[in-house]
Amino acid sequence: MWLWFLLYFIQQCTGQVIVIQTDEITYQIAGIFETQALTQRLAFNESMRHNHVSGSDGGSDSDQKMKDWRLDPVILQPPRTDSYSLWRNLCSNKDMRPIAVFGPQNPIFDGAIRDQCAIANIPHIQATWQPMDPNIEDIISNNDDVINDDESNDTPVFKNISINFYPAAEDISYAYAMLLKYYGWENFAVLYEDNFGLMRIQKILAEYTGQIPVTVRRLDPNGDNFKVFKELKRFKEFRIILDCHVDRILKYLHEARGVNMINHYQHYILTTMDASIIAKDLLPFQSNITWLSLTDFDKLEDAQHFLATRVGKWASEIVQLDSPPVTNIEIEALVMNDVANHVLKALQKVGDAESITIRDEEFCKKDGDPWPLGALLQAEILKAQTTGVTGNIEFDEFGRRSNYTLYVNEIHVSTRQTVGTWISSNRDSIIEDRPSTKLNNQQQTSKHFIIISRKAKPYFIDKIKCPPDNDTCVEEDADDKYEGFSVDLVKAIFDKLRHYNFNYTYSFLHDEDKSYGKYDPEQKKWTGLIGDLLDKKADLAVCDLTITEERKSVVDFSVPFMTLGISILYTKERKISPGWFSFLNPYSFDMWMHTATAYCVVSIVLFVCSRISPADWENPQPCDKDPEELENIWNFKNCVWLTMGSIMTQGCDILPKAIGSRWVCAMWWFFAVIVCQTYIAQLSASMTSALENEPINRVEDLAKQNKILYGAIRGGSTLDFFKSSKDKMFRRMYDNMMANPVVLLESNDEGERRVLHAKNKYAFFMESCTIEYKLKRNCNLKKVGGELDSKDYGIAMPANSPFRTHINRAILELKEFAIIDKIKRKWWEEKYEARQCDGNTDESDVEGDLEMENLIGAFLVLIVGLVLSLIITAAEFMNEVRNIVIREQVSHKEVFMKELKASLNFFQLQKPVLRNPSRAPSIASDTTENNMKRAANIENFIEFEKEPM
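Everything quoted here is computed from the prediction, not taken from an experiment. (Residues numbered from 1 in each chain as written. Predicted model: local features only at pLDDT ≥ 70, side-chain atom pairs only at ≥ 80, totals over all residues. Heavy atoms only, no water.)

Comments concerning the overall build of the chain
Short version of the rule: Helix and strand definitions follow DSSP, with helices as H or I runs of at least four residues and strands as E runs of at least two, each counted in order from the N terminus. Exposure is judged per residue with a 1.4 Å probe applied to protein chains only, and the accessible area is read against the type maximum: over 50% gives exposed, under 20% gives buried, and values in between give partly exposed. Any two residues whose heavy atoms approach within 4.5 Å are treated as being in contact.
Tallying secondary structure elements over the chain gives 30 helices and 36 strands in all. Among the 949 residues that make up the chain, the fraction classed as buried is 45%. Look at the contacts in the chain between residues 6 or more apart in sequence, and 70% of them connect residues 24 or more apart.

This is the structure:
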């Protein structure tokens, strides 16, 4: 009664009653499963029964018909998994009339099932990893005409293929090859446990590399594999590809942990796509583990996932109260839901096109007619596009999955996250999509870092304790035992990491002072700091460690915290002030003696020649034609004066007339020209401020000489620069250093001491930043030339360190806020007796000009000569006074005063001859007699001129 009332009420309100009739249409789908494939079988059974597709079947507005498309699973479980048993089990079911056959999930024995499906025109469906069919090329070539017919004809033709909901094997291998490329693996090991695993590995290696050495070992699923992991540890293989069943991953990792092959620095790539099942069990290993998956782990973790309430029926045939997480279900089981939805959608397409009639004959009936709708259903399955648990579902014309996405799952520092994707339509790279690193919201696993370094100022040195009675001393507080730039840098980095809630602590370990590290070909291992990192004795190496390709091949480096280059440490040239008599430097003492000897000999020869040569004897009275005697002006004094004037380039007012004496003068002048010009040429260089040695201004000057030795740190990156350089000059310098090993030292401090003690006889190649530190503490040192290269200091850590990203972020922030520059200024310019070296340069000084110290010797000679000339003049003056006293018979005082007074009268150019008055008549008679003789001579000369010629 109430029902009729309700219908009446609805009719009155709406004016129309709509009747919907739903017809349930069910079709069989066969599933072939092995006995141990329990989860896949239950997932197949539940998914096929649970999923359905509804669609309208026309009808009037008031009477609508709906079709509910459903699948009825038929489960087949053959007792054995060989091809014949599978085929026989399929054909033994006489009542089965499937529209599609799923399975078996065995890549070896499904060929017989696929061929039987092709005979009956029943689509064959798979959802498992399958190696590439060796006959696929024949299948593709045979189906080319079929594909062309499909494009030109609306009637599809059945293809002998399997439609696989699992990605193609070659696609998965290529995706893992791109994953190796993404991580930049250059050397690694491969572990596999069966032939299928070896096939997968071979395909990955073929896609990734053909040059990089790879260590390949087979694992025993039923035995222990400690020997294998010990061997990998001895080979220092910390990057490992592990191909095994998901159920045995934990077994192998526990064995690796037993030989200390599981830590923060190992990186394992798992080739199984079901590793998400044990993701939570992998977290405690605290190692780096990566795998690809067809499902988005983050979506499967959602408690409201649409499969969350259904997967309980997949795990066990007994109904469980607590449903397992969706992430615990294998891909081959999860994909069953996608198979059901996709087949139903294709079936609906076929039903909309034409009426579906089920094949009446037995599935394997001999000479039976194929199902006429099989090709159409197969074509619709290939063309349909759906979205399911495994993402977008599409197929190419050969039944291979296309346009899908693989997710890169990474466990890093005990945290799992999806860091990127690989898209089949964009095959050549991993698209990185790491979650936003809001470190302040993350709580990371605690870690205590062991840090090693080398003792060298100002990077790392024992802490200097302040005396108790010194109140002004400020003690460093960055570490209890050590101090320096590296100590402050580490403290700043870890303070920054603690700011982001990283529970990291650290301590310095320094048992002995070690080298930076180099590869020992005899021991086949690295030494020094790099060796300690490889042996996992330390987590970080912080010092003046240069980032090189050779070191990067075995360890990881942080971003650079300091940029520098190779330069030359050398002592400043010591200027030597020129001596007072530096003008004598152009010639040696022997040369001066030979020149003086030549001067004396030439003067004597000139004197002898002028005395012998008749032409140099002259008439003293030109008016007397027949003189009684001849006069020769070339006494020894005049000869010496002529040679002196010639070599001084001043000339002389008297010259010889005889050919012999003139030839002597000519030869002397020639000699004087050569001597004077060479002297002047050498004088300009010798009188400037000389250097003790030839200056070294650049590396080319050092390379082209052989007086100054040069070296570097033995086994360091500076020496490697010369060793690996393509420049011929640098290679020659490397050969010179290796030919003389004593020039190679153990530390920069030893190099500094060697440079200072050698006194301009040794130069040391060193990083420019270290040279800057040295120059601030010793003003006798200098940096020669520019930087030969550009390199960086970085923090070294074991390969695959999961902490590199965090340390890099901290260093970048410290550089951005100039904190590292502040630390450097502290240790370079303030600590350890840093000083400011003054150049003491005169801004008005011009290069090449001469100063007083250069010519002080010339001034000294001039002064001595002037004093000597005054003495000689005074002697001449006193001698003249003496002569006058004797001749005139007057007193010395009277003569001296009158002569001195007359001589010092600078305004009078004439002076009277001093006479004695008592001797005036005799002097007058003598004057008259002389005048009479002079008059007679003039008269004789006039008469001579009047005589006819």
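Let's talk about the side chain of glutamate 410
What counts here: Any pair of N or O atoms that falls within 3.5 Å is considered a polar contact. Within protein, one atom must be able to donate a hydrogen and the other to accept it, and sequence-neighbouring residues count only if both atoms are side-chain atoms.
Following the sequence through the fold, glutamate 410 ends up in strand β15 (residues 405–411). Glutamate 410 gets classed as buried once you look at its relative accessible area, which sits at 6%. Side-chain polar atoms of glutamate 410 contact the side chain of tyrosine 183, separated by 2.5 Å. Looking at glutamate 410, its side chain comes within polar contact range of the side chain of arginine 434, at 2.9 Å. Here glutamate 410 is in contact with Tyr183, Ile289, Thr290, Thr415, Arg416, Gln417, Val419 and Arg434, once residues within four sequence places are set aside.

Comments concerning the state of the cysteines
What counts is decided by this rule: Put simply, a disulfide is two cysteine sulfurs that come within 2.5 Å.
All told, the structure shown has one disulfide when counted by the stated rule. Sulfur-sulfur distance for the disulfide between cysteine 91 and cysteine 364 comes to 1.8 Å. Residues cysteine 91 and cysteine 364 are joined through a disulfide that is left-handed, its torsion about the S-S bond being -70°. In this pair, cysteine 91 is assigned in helix α3 (residues 83–92) and cysteine 364 in the loop between α13 (331–353) and α14 (374–383), connecting sequence segments 273 residues apart.

Some thoughts on helix α22 (residues 717–724)
Of the residues making up α22, those classed as buried are Ser717, Thr718, Leu719, Phe721 and Phe722. Taken together, the buried residues of α22 touch α17 (549–552), β27 (566–571), α23 (728–739), β33 (762–767) and β35 (791–793).

Some details on a nonpolar patch on the surface
Counted only if it meets this: Note that patches include only residues with greater than 30% relative accessible area and no salt bridge, and the join distances are 9 Å for like charges and 5 Å for nonpolar side chains (Val, Leu, Ile, Met, Phe, Trp, Tyr). Values of accessible area rely on a 1.4 Å probe in the Shrake-Rupley scheme; residue burial ignores everything except the protein chains shown. For this document, the term salt bridge refers to a Lys or Arg side-chain nitrogen within 4 Å of an Asp or Glu carboxyl oxygen.
A cluster of nonpolar residues, Ile863, Val867, Leu868, Ile871 and Ile872, forms a patch on the protein surface that exposes about 450 Å² of accessible area. Accessibility expressed as a relative area gives 49% for isoleucine 863, which makes it partly exposed.

What about the environment of isoleucine 113?
Note on placement: isoleucine 113 falls in helix α4 (residues 111–120). Through-space distance from the C-alpha of isoleucine 113 to that of valine 101 is 8.4 Å; in sequence the pair is twelve residues apart. Setting aside residues up to four positions removed in sequence, isoleucine 113 forms contacts with Ile32, Leu86, Trp87, Leu90, Val101, Gly103, Pro104 and His124.

Some words on the packing of α3 against α4
Formally: For every element, the axis is a line fit to its C-alpha atoms; helices are fit only across the contacting stretch, and the angle between N-to-C directions ranges from 0 to 180 degrees. Any angle from 65 to 115 degrees is called roughly perpendicular, while one under 35 is roughly parallel, one over 145 is roughly antiparallel, and all others are oblique.
Their axes nearest at 8 Å, the elements α3 and α4 cross at an angle of 40°. Here α4 runs oblique to α3, going by the angle between their axes. Here α3 contributes Ser83, Leu86, Trp87, Leu90 and Cys91 to the contact with α4, which in turn contributes Ala112, Ile113 and Gln116.

Regarding the environment of asparagine 89
Structurally, asparagine 89 is set in helix α3. Not counting chain neighbours up to four residues away, the residues in contact with asparagine 89 comprise Leu76, Gln77, Pro78 and Pro79.

Concerning the sheet that holds strand β13 (residues 391–395)
In a beta sheet, neighbouring strands pair by backbone hydrogen bonds and run either parallel or antiparallel. Under the convention used in this document: Strands are treated as partners if at least two bridges between them are detected by DSSP.
Taken in spatial order, the three strands line up as β12-β13-β14 in an open sheet, and their pairing is antiparallel. Two strands lie at the open edges of the sheet, namely β12 (386–388) and β14 (401–402), each paired on one side alone. As defined by bridge partners, β12 adjoins β13 across three bridges and the pair is classed as antiparallel. The residue of β13 that forms the bridge with threonine 387 is asparagine 392.

What about the pattern of salt bridges?
Across all of its chains, the model carries 40 salt bridges by this definition. Of the charged contacts, one joins aspartate 462 and lysine 455 as a salt bridge, the two residues approaching to 2.8 Å between their closest N and O atoms. Residue classification places aspartate 462 among the partly exposed positions, given a relative accessible area of 38%. Through salt bridges with shared partners, a single network forms among Glu476, Asp488, Lys826 and Lys831.

What to know about helix α2 (residues 38–50)
The following threshold applies: The span expected for a helix works out to 1.5 Å for each residue beyond the first.
Here α2 is 13 residues long and its end C-alpha atoms lie 18 Å apart, about the 18 Å a rise of 1.5 Å per residue gives. Along α2, the positions that sit buried rather than exposed are Gln40, Arg41, Leu42, Ala43, Phe44, Glu46, Ser47 and Met48.

Describing the nonpolar core
Stated formally: Residue types Ala, Val, Leu, Ile, Met, Phe, Trp, Tyr and Cys, when buried and joined through side-chain atoms within 4.5 Å, form a set referred to as a nonpolar core.
Among the nonpolar cores identified, the biggest contains 91 residues, and Ile99, Phe165 and Leu334 are the most heavily contacted of them. Here this core gets twelve residues from one element, more than from any other, and that element is α13. Core analysis: the next-biggest nonpolar cluster, separate from the first, contains 46 residues, Tyr516, Ile568, Phe722 and Val755 among them.

Details of the packing of aromatic side chains
Operational definition: Paired rings are identified among Phe, Tyr and Trp, the last through its six-membered ring, by centres lying within 6.5 Å, and are further divided according to the angle between planes into stacked (under 30 degrees), edge-to-face (over 60) and tilted (the rest).
The tally for this structure, following the rule as stated, stands at 36 aromatic pairs. Where phenylalanine 494 meets tyrosine 506, the ring centres are 4.7 Å apart and the plane angle is 40°; that geometry is what we call tilted. Taken as a pair, phenylalanine 494 in helix α15 (residues 485–499) and tyrosine 506 in strand β21 (residues 504–508) lie far apart in primary sequence, twelve residues in all. Measuring from centroid to centroid gives 5.9 Å for tyrosine 506 and phenylalanine 508, while their planes differ by 90°, and the two rings are edge-to-face. Taken as a pair, tyrosine 506 and phenylalanine 508 share a single burial class, namely buried.

Notes on empty space enclosed by the protein
Quick reminder of the rule: The distinction between a cavity and a pocket rests on a 1 Å grid over the protein atoms alone: a 1.4 Å probe fits inside a cavity but cannot get out, while a pocket stays open yet meets protein on both sides within 12 Å along at least five of seven lines, and a residue with an atom within 4 Å of a point counts as lining. Grid points are joined across faces, edges and corners, and a volume is the space filled by probe spheres set on the points. Under the scheme applied here, ten amino acids are nonpolar (Ala, Val, Leu, Ile, Met, Phe, Trp, Tyr, Cys and Pro), four are charged (Asp, Glu, Lys and Arg), and all others, including Gly, are polar.
Counted by the stated rule, this structure contains four cavities of 30 Å³ or more. Within this model, the largest cavity holds a volume of roughly 80 Å³. Taken together, Tyr516, Asp544, Thr546, Arg551, Ile713, Gly716, Ser717, Thr718, Asn748, Phe765 and Glu767 form the lining of the largest cavity. Of all the elements in the fold, those that place two or more residues in the lining of the largest cavity are α22 and β33. Per-class residue counts for the lining of the largest cavity are three nonpolar, five polar and three charged.

Some words on unusual backbone geometry
Looking along the chain, the bond that leaves glycine 103 and enters proline 104 is cis, with omega of 5°. Summarising the element assignment, proline 104 is placed in the loop between β4 (98–102) and α4. For the bond from lysine 457 to proline 458, the omega torsion is 0°, close enough to zero to count as cis. Of note, proline 458 is situated in the loop between β18 (447–452) and β19 (461–462). One non-glycine residue, asparagine 501, lies in the positive phi region at around 65°. Considering the arrangement of structural elements, one finds asparagine 501 in the loop between α15 and β21.

A closer look at the confidence of the model for the chain
Test applied: pLDDT runs from 0 to 100 and stands for how confident the predictor is about each residue.
For the chain, mean pLDDT is 82; residues scoring 70 or higher make up 81% of the total. Low pLDDT, under 50, characterises residues 439–443; the predicted model gives this stretch eleven contacts beyond four residues in sequence or across chains. In this model, residues 841–847 is a region of pLDDT below 50 whose contacts with residues beyond four sequence positions or in other chains number one contact.

So, the sheet that holds strand β16 (residues 416–423)
Within the open sheet, the eight strands sit side by side as β8-β7-β9-β10-β11-β15-β16-β17. Their pairing is mixed. The sheet terminates laterally at β8 (214–218) and β17 (426–432), the two strands that pair on one side only. Averaged over neighbouring strand pairs, the angle between their axes works out to 20° when direction is ignored. As paired elements, strand β7 (residues 188–192) and strand β9 (residues 239–243) share four bridges and run parallel to each other.

Describing the packing of helix α18 (residues 589–612) against helix α19 (residues 636–647)
The criterion, for reference: Left-handed describes a crossing in which the near helix is turned anticlockwise from the far one by less than a right angle; the clockwise case is right-handed.
In contact at an axis separation of 9 Å, α18 and α19 are set at 135° when each is read in the N-to-C sense. As far as their axial angle goes, α19 and α18 are oblique. α18 and α19 meet at a crossing whose hand is right-handed. Between α18 and α19, the contacting residues are Thr595, Tyr599, Val602, Ser603, Ile604, Leu606, Phe607 and Ser610 on the first element and Phe636, Cys639, Val640, Leu642, Thr643, Met644 and Ile647 on the second. Its residues assigned to classes, the contact of α18 with α19 shows eleven nonpolar, four polar and no charged.

A few points about a positive patch on the surface
The cut-off we apply is this: In this tally, Lys and Arg are treated as positive and Asp and Glu as negative; His is ignored, and so are the chain termini. Note on charges: their place is set at NZ of Lys, CZ of Arg, CG of Asp or CD of Glu.
On the surface, Lys518, Lys723, Lys726 and Arg731 cluster together into a positively charged patch. For lysine 723, a relative accessible area of 48% gives the class partly exposed.

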